[in-house]
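Fold and contact review
The lines below spell out each chain.
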Amino acid sequence: MAKWVRPTIDTGFHIDLDWWQKQKRDIRLYLSQALCDECRPLFHEMRDVGEVDWVDPETGEVRREDALWSALRGCCSGKPGYVDANTTIVDGVFRLLVSNGNEPLTPREMHKYLPQRSPETILRMLTGGTVYLGIRPVNPS
């Protein structure tokens, strides 16, 4: 039987894409709402947007990824206001995970980008019994 471990401020969280499918929700619609003013007109017809090549700057690995995700990560996340003091915890965490390529981040790491929220507050929000925007702890291997 698997042992359940309570998440801590050092537990990695990611966006569980399966959650979006199971909930019959469209992550692309949510991603489009986070686009900056410069990118928004480029994606007015989301159904016509496909995938693009993304090159990992550290490893040189090339991956295919959704163009919306790529725009958020490559352009929008660098703009002022992408995540600021007025951004809700859940939206801020979601946007941080998108800008990080959905690589896991811990509440301690998230706090660096959401300094108005303590790591403990971030953890409480992410583990309060409701899954918001598919943000879940990464399953330990």
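Residues numbered from 1 in each chain as written. Predicted model: local features only at pLDDT ≥ 70, side-chain atom pairs only at ≥ 80, totals over all residues. Heavy atoms only, no water.

1. Details of the overall build of the protein
In terms of regular secondary structure, the protein is built from six helices and four strands. Computed over the C-alpha atoms, the radius of gyration of the protein is 15 Å, within 12% of the 14 Å expected from 2.2 N^0.38 for a compact globule of 141 residues. Taking the principal axes of its C-alpha atoms as reference, the protein extends roughly 45 × 35 × 35 Å. A separation threshold of at least 6 residues defines the contact pool for the protein, and within that pool the share at least 24 residues apart is 63%. Taken as a whole, the protein presents about 8900 Å² of accessible surface, with 50% of it coming from carbon and sulfur. Side chains of the protein give 18 positive and 20 negative charges; the mean places of these two sets differ by 7 Å. (Helix = DSSP H or I, 4+ residues; strand = E, 2+ residues; numbered from the N terminus. Rg over C-alpha atoms; globule rule 2.2 N^0.38 Å. Contact = heavy atoms within 4.5 Å. Areas by Shrake-Rupley, 256 points an atom, 1.4 Å probe, with all protein chains shown as cover. Lys, Arg positive; Asp, Glu negative; His and termini not counted. Charge placed at Lys NZ, Arg CZ, Asp CG, Glu CD.)

2. Let's talk about the nonpolar core
Among the nonpolar cores identified, the biggest contains 35 residues, and Ile15, Val93, Phe94 and Ile135 are the most heavily contacted of them. It is helix H4 (residues 89-99) that contributes the most residues to this core, seven residues altogether. Contact partners of Val93, with chain neighbours within four places excluded, come to Met110, Leu114, Ile122, Leu126 and Ile135. (Core = buried A, V, L, I, M, F, W, Y, C linked by side-chain atoms within 4.5 Å. Buried < 20%, exposed > 50% of the residue type's maximum accessible area, 1.4 Å probe, protein only.)

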